[in-house]
Amino acid sequence: MITLKDVTKIFGKRHFFGGSSEFTAVSKVSLTVARGQTLGIVGESGSGKSTLLRMVLGLITPTGGSIHIDGQDTANLPRRGEKAFRRKVQPIFQNPASSFNPRQSIGAILRAPLEVHSIGTRESRHARVAELLERVGLPADYARRYPHQLSGGQKQRVAIARAIILEPAVVLADEPTSALDVSVQAQVLELFRQTREEMELTSIFVSHNLAVIRQVSDTVAVMRLGQIVETGTVADIFSNPKHDYTRALIDAVPDHGAIMARTERRASQ
(Lines give C-alpha, C1' and ligand atoms only; values in the text may rest on other atoms or scores of the structure.)
Protein backbone atom coordinates (compact mmCIF):
# COMPACT_ATOMS: atom_id res chain seq x y z
CA MET A 1 0.00 0.00 0.00
CA ILE A 2 2.85 2.41 0.84
CA THR A 3 6.24 2.31 -0.86
CA LEU A 4 9.11 4.71 -0.18
CA LYS A 5 12.23 4.48 -2.33
CA ASP A 6 15.39 6.47 -1.56
CA VAL A 7 13.33 9.28 -0.01
CA THR A 8 15.57 12.22 0.92
CA LYS A 9 14.90 15.66 2.38
CA ILE A 10 17.52 18.41 2.50
CA PHE A 11 16.68 21.71 4.15
CA GLY A 12 18.57 24.93 3.52
CA LYS A 13 20.42 25.95 0.39
CA ARG A 14 23.80 26.24 -1.24
CA HIS A 15 25.38 29.67 -1.37
CA PHE A 16 27.56 31.26 -3.96
CA PHE A 17 31.32 31.14 -3.46
CA GLY A 18 31.14 27.57 -2.14
CA GLY A 19 29.21 28.12 1.09
CA SER A 20 26.25 26.00 2.21
CA SER A 21 23.61 25.93 4.95
CA GLU A 22 22.17 22.58 3.95
CA PHE A 23 20.98 20.03 6.47
CA THR A 24 19.99 16.49 5.49
CA ALA A 25 16.98 15.59 7.65
CA VAL A 26 16.15 12.33 5.84
CA SER A 27 18.61 10.36 3.73
CA LYS A 28 17.67 7.67 1.16
CA VAL A 29 14.93 5.99 3.17
CA SER A 30 13.28 2.97 1.56
CA LEU A 31 10.32 1.30 3.26
CA THR A 32 7.17 -0.63 2.44
CA VAL A 33 3.92 -1.03 4.36
CA ALA A 34 1.64 -3.89 3.42
CA ARG A 35 -2.09 -3.30 3.05
CA GLY A 36 -3.83 -3.45 6.43
CA GLN A 37 -0.56 -3.36 8.39
CA THR A 38 0.94 -0.78 10.75
CA LEU A 39 4.57 0.28 10.46
CA GLY A 40 5.98 1.80 13.62
CA ILE A 41 8.85 4.26 13.17
CA VAL A 42 10.89 4.77 16.33
CA GLY A 43 13.88 6.94 17.12
CA GLU A 44 15.05 9.76 19.33
CA SER A 45 14.02 13.38 18.81
CA GLY A 46 15.66 14.86 15.72
CA SER A 47 16.06 11.53 13.97
CA GLY A 48 13.84 12.58 11.04
CA LYS A 49 10.68 10.61 11.91
CA SER A 50 8.21 13.48 11.67
CA THR A 51 9.84 14.90 8.54
CA LEU A 52 9.49 11.52 6.86
CA LEU A 53 5.84 11.24 7.87
CA ARG A 54 5.09 14.74 6.59
CA MET A 55 6.56 13.81 3.22
CA VAL A 56 4.30 10.75 3.04
CA LEU A 57 1.37 13.01 3.96
CA GLY A 58 2.34 15.49 1.26
CA LEU A 59 3.00 18.46 3.54
CA ILE A 60 6.69 18.50 2.60
CA THR A 61 8.11 17.83 -0.86
CA PRO A 62 10.99 15.33 -0.92
CA THR A 63 14.32 16.52 -2.28
CA GLY A 64 14.81 13.11 -3.87
CA GLY A 65 13.30 9.66 -4.13
CA SER A 66 9.70 8.58 -4.64
CA ILE A 67 6.60 7.87 -2.55
CA HIS A 68 3.79 5.67 -3.87
CA ILE A 69 0.50 5.10 -2.07
CA ASP A 70 -1.86 2.49 -3.48
CA GLY A 71 0.18 2.50 -6.68
CA GLN A 72 0.03 6.27 -7.22
CA ASP A 73 3.10 8.51 -7.24
CA THR A 74 2.27 11.24 -4.73
CA ALA A 75 4.52 13.72 -6.53
CA ASN A 76 2.67 13.38 -9.84
CA LEU A 77 -1.00 13.26 -8.99
CA PRO A 78 -3.35 14.40 -11.78
CA ARG A 79 -5.11 17.64 -10.83
CA ARG A 80 -8.57 16.10 -11.16
CA GLY A 81 -7.64 13.11 -9.05
CA GLU A 82 -5.71 14.92 -6.33
CA LYS A 83 -8.69 15.75 -4.12
CA ALA A 84 -10.02 12.21 -4.29
CA PHE A 85 -6.56 10.84 -3.57
CA ARG A 86 -6.09 13.12 -0.54
CA ARG A 87 -9.30 11.70 0.87
CA LYS A 88 -7.55 8.33 1.11
CA VAL A 89 -4.76 9.57 3.39
CA GLN A 90 -5.56 11.20 6.74
CA PRO A 91 -3.32 12.41 9.61
CA ILE A 92 -3.47 12.27 13.39
CA PHE A 93 -1.19 14.98 14.76
CA GLN A 94 0.75 15.06 18.01
CA ASN A 95 -1.12 18.06 19.39
CA PRO A 96 -4.73 18.01 18.20
CA ALA A 97 -5.46 21.41 19.74
CA SER A 98 -3.04 23.06 17.30
CA SER A 99 -5.00 21.62 14.35
CA PHE A 100 -8.43 22.60 15.72
CA ASN A 101 -9.98 26.00 15.16
CA PRO A 102 -10.70 27.16 18.74
CA ARG A 103 -13.69 29.17 17.52
CA GLN A 104 -15.38 26.15 15.98
CA SER A 105 -17.41 23.58 17.85
CA ILE A 106 -16.36 19.93 17.80
CA GLY A 107 -19.30 19.24 15.50
CA ALA A 108 -18.16 21.86 13.01
CA ILE A 109 -14.60 20.51 13.13
CA LEU A 110 -15.78 16.99 12.35
CA ARG A 111 -18.24 18.08 9.65
CA ALA A 112 -15.58 20.07 7.79
CA PRO A 113 -14.07 17.09 5.88
CA LEU A 114 -17.56 16.01 4.78
CA GLU A 115 -18.30 19.52 3.57
CA VAL A 116 -14.99 19.86 1.72
CA HIS A 117 -15.68 16.63 -0.15
CA SER A 118 -19.42 17.37 -0.61
CA ILE A 119 -20.47 14.20 1.18
CA GLY A 120 -24.07 13.86 2.33
CA THR A 121 -26.74 16.34 3.31
CA ARG A 122 -26.76 18.67 6.30
CA GLU A 123 -28.82 16.16 8.26
CA SER A 124 -26.67 13.17 7.33
CA ARG A 125 -23.49 15.04 8.26
CA HIS A 126 -24.84 15.80 11.72
CA ALA A 127 -25.82 12.14 12.09
CA ARG A 128 -22.37 11.01 10.95
CA VAL A 129 -20.69 13.27 13.51
CA ALA A 130 -22.85 11.85 16.32
CA GLU A 131 -22.05 8.31 15.14
CA LEU A 132 -18.29 8.97 15.05
CA LEU A 133 -18.23 10.62 18.48
CA GLU A 134 -19.91 7.60 20.02
CA ARG A 135 -17.57 5.30 18.11
CA VAL A 136 -14.54 6.93 19.74
CA GLY A 137 -16.12 6.83 23.19
CA LEU A 138 -17.55 10.34 23.51
CA PRO A 139 -21.20 11.34 23.99
CA ALA A 140 -22.91 12.67 20.87
CA ASP A 141 -23.69 15.98 22.61
CA TYR A 142 -19.95 16.75 22.68
CA ALA A 143 -20.55 18.07 19.17
CA ARG A 144 -21.76 21.30 20.82
CA ARG A 145 -18.59 21.72 22.89
CA TYR A 146 -15.45 23.63 21.96
CA PRO A 147 -11.84 22.38 22.01
CA HIS A 148 -10.96 24.22 25.25
CA GLN A 149 -13.72 22.31 27.03
CA LEU A 150 -12.13 18.92 26.32
CA SER A 151 -9.26 17.15 28.05
CA GLY A 152 -6.15 16.09 26.14
CA GLY A 153 -7.39 12.54 25.77
CA GLN A 154 -10.81 13.69 24.59
CA LYS A 155 -9.23 15.97 21.99
CA GLN A 156 -7.16 13.08 20.67
CA ARG A 157 -10.33 10.96 20.39
CA VAL A 158 -11.86 13.76 18.32
CA ALA A 159 -8.69 13.81 16.19
CA ILE A 160 -9.10 10.08 15.53
CA ALA A 161 -12.76 10.62 14.65
CA ARG A 162 -11.83 13.38 12.20
CA ALA A 163 -9.17 11.16 10.63
CA ILE A 164 -11.59 8.30 9.93
CA ILE A 165 -14.77 10.24 9.11
CA LEU A 166 -13.93 10.08 5.38
CA GLU A 167 -13.24 6.31 5.63
CA PRO A 168 -9.64 6.61 4.40
CA ALA A 169 -7.36 3.75 3.37
CA VAL A 170 -4.28 5.17 5.13
CA VAL A 171 -3.85 6.90 8.50
CA LEU A 172 -0.56 8.56 9.45
CA ALA A 173 -0.06 9.18 13.18
CA ASP A 174 2.70 11.47 14.45
CA GLU A 175 3.36 10.93 18.19
CA PRO A 176 -0.40 11.06 18.92
CA THR A 177 -0.08 10.00 22.57
CA SER A 178 3.16 11.66 23.67
CA ALA A 179 1.37 14.51 25.49
CA LEU A 180 -0.99 12.22 27.41
CA ASP A 181 -0.51 10.58 30.78
CA VAL A 182 -0.01 6.83 30.83
CA SER A 183 -3.58 5.75 31.66
CA VAL A 184 -5.14 8.01 29.01
CA GLN A 185 -2.41 6.99 26.57
CA ALA A 186 -3.37 3.34 26.95
CA GLN A 187 -7.03 4.10 26.23
CA VAL A 188 -6.22 6.10 23.10
CA LEU A 189 -3.84 3.41 21.85
CA GLU A 190 -6.50 0.75 22.31
CA LEU A 191 -8.96 2.94 20.40
CA PHE A 192 -6.40 3.34 17.60
CA ARG A 193 -5.83 -0.42 17.50
CA GLN A 194 -9.54 -1.24 17.41
CA THR A 195 -10.23 1.36 14.73
CA ARG A 196 -7.38 0.10 12.58
CA GLU A 197 -8.64 -3.48 12.78
CA GLU A 198 -12.30 -2.64 12.20
CA MET A 199 -11.57 -0.46 9.16
CA GLU A 200 -8.63 -2.54 7.89
CA LEU A 201 -6.50 0.59 7.76
CA THR A 202 -2.92 0.79 6.58
CA SER A 203 -0.98 3.06 8.91
CA ILE A 204 2.35 4.51 9.90
CA PHE A 205 2.74 5.29 13.59
CA VAL A 206 5.65 7.50 14.65
CA SER A 207 6.81 7.51 18.28
CA HIS A 208 9.92 7.72 20.43
CA ASN A 209 8.21 5.39 22.94
CA LEU A 210 9.18 1.76 22.43
CA ALA A 211 6.27 0.44 24.50
CA VAL A 212 3.82 2.32 22.29
CA ILE A 213 5.45 1.07 19.09
CA ARG A 214 5.36 -2.49 20.35
CA GLN A 215 1.66 -2.27 21.18
CA VAL A 216 0.35 -0.86 17.90
CA SER A 217 2.77 -2.03 15.18
CA ASP A 218 3.19 -5.10 12.99
CA THR A 219 6.61 -4.07 11.72
CA VAL A 220 9.16 -1.59 13.04
CA ALA A 221 11.70 0.74 11.44
CA VAL A 222 14.39 2.21 13.69
CA MET A 223 15.54 5.66 12.57
CA ARG A 224 18.71 7.51 13.51
CA LEU A 225 20.18 10.70 12.05
CA GLY A 226 17.79 10.63 9.11
CA GLN A 227 18.49 7.02 8.13
CA ILE A 228 16.80 3.68 8.75
CA VAL A 229 19.28 1.53 10.67
CA GLU A 230 17.11 -1.54 11.19
CA THR A 231 13.74 -2.96 10.17
CA GLY A 232 11.85 -6.08 11.13
CA THR A 233 8.78 -7.51 12.77
CA VAL A 234 7.94 -6.41 16.29
CA ALA A 235 9.05 -9.79 17.63
CA ASP A 236 12.38 -9.65 15.79
CA ILE A 237 13.22 -6.09 16.77
CA PHE A 238 12.42 -6.50 20.45
CA SER A 239 13.72 -10.03 21.00
CA ASN A 240 16.77 -9.98 18.75
CA PRO A 241 17.87 -6.43 17.81
CA LYS A 242 20.78 -6.40 15.37
CA HIS A 243 21.94 -2.78 15.41
CA ASP A 244 23.79 -1.21 18.35
CA TYR A 245 21.45 1.79 18.29
CA THR A 246 18.36 -0.42 18.50
CA ARG A 247 19.86 -2.27 21.45
CA ALA A 248 20.68 1.05 23.10
CA LEU A 249 17.09 2.23 22.69
CA ILE A 250 15.74 -0.95 24.24
CA ASP A 251 18.28 -0.93 27.05
CA ALA A 252 17.44 2.70 27.83
CA VAL A 253 13.90 1.71 28.83
CA PRO A 254 13.86 0.42 32.41
CA ASP A 255 12.19 -2.99 32.28
CA HIS A 256 10.30 -2.35 29.05
CA GLY A 257 8.51 -5.68 29.46
CA ALA A 258 6.93 -4.56 32.71
CA ILE A 259 6.00 -1.22 31.15
CA MET A 260 4.24 -2.99 28.30
CA ALA A 261 2.39 -5.31 30.66
CA ARG A 262 1.09 -2.35 32.67
CA THR A 263 0.11 -0.49 29.49
CA GLU A 264 -1.81 -3.47 28.13
CA ARG A 265 -3.58 -4.03 31.46
CA ARG A 266 -4.77 -0.42 31.53
CA ALA A 267 -5.97 -0.66 27.92
CA SER A 268 -8.09 -3.71 28.74
CA GLN A 269 -9.77 -2.08 31.75
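Every chain is numbered on its own, with residues counted from 1 as its sequence reads. Restriction of local features to residues with pLDDT of at least 70 applies here, the model being predicted, together with a cutoff of 80 or more for giving and counting side-chain atom pairs; totals for whole chains, interfaces and linings are based on all residues. The side-chain quantities take in all heavy atoms of the structure and omit both hydrogens and water.

Draft legend 1. Highlighting the sheet that holds strand 1 (residues 2–11). Note on pairing: DSSP must find at least two bridges between two strands before they are called paired. Note on conventions: DSSP H or I runs of at least 4 residues are helices, E runs of at least 2 residues are strands, and numbering of each starts at the N terminus. Here four strands make up an open sheet; going across it, the order is 2-1-4-5 and the pairing antiparallel. In the strand order of this sheet, the two ends are held by strand 2 (23–33) and strand 5 (72–73), each with one partner. Examined bridge by bridge, strand 4 (residues 64–69) and strand 5 share two bridges and lie antiparallel to one another. Paired with His68 across the two strands is Asp73, which belongs to strand 5. Packing against the sheet, helix 1 (residues 49–57) makes contact with strand 1, strand 2 and strand 4, and its axis sits at approximately 120 degrees to strand 1. Should any heavy atoms of two residues lie within 4.5 Å, those residues are considered in contact. Axis angles are defined between N-to-C directions and span 0 to 180 degrees, where every axis is a line fitted to C-alpha atoms and, for a helix, only to the segment in contact.

Draft legend 2. Region of the structure containing the pairing of strand 4. Alignment of strand 1 against strand 4, held across five bridges, turns out to be antiparallel. Paired with Thr8 across the two strands is Gly64, which belongs to strand 4. Connecting strand 4 to the next strand, strand 5, in antiparallel fashion are two residues, including Asp70 with a positive phi near 55 degrees.

Draft legend 3. Structural detail: the layout of surface pockets. Think of a 1 Å grid over the protein atoms and nothing else: a 1.4 Å probe that fits but is trapped marks a cavity, an open set flanked by protein within 12 Å on at least five of seven lines marks a pocket, and residues with an atom within 4 Å of a point count as lining. Grid points are joined across faces, edges and corners, and a volume is the space filled by probe spheres set on the points. Considered as a void within the structure, the largest pocket measures approximately 430 Å³ in volume. The wall of the largest pocket is formed by 21 residues, among which Gln90, Pro91, Phe93, Pro113 and Arg162 lie closest to the centre. Tallied by class, residues from the lining of the largest pocket come to 14 nonpolar, five polar and two charged. Gly58, Thr61, Pro62, Thr74 and Ala75 are, among the 15 residues lining the second largest pocket, the residues nearest its centre. Going through the elements one at a time, strand 4 and helix 2 (79–88) are the ones with two or more residues in the lining of the second largest pocket. Classification used: nonpolar for Ala, Val, Leu, Ile, Met, Phe, Trp, Tyr, Cys and Pro, charged for Asp, Glu, Lys and Arg, polar for all others including Gly.

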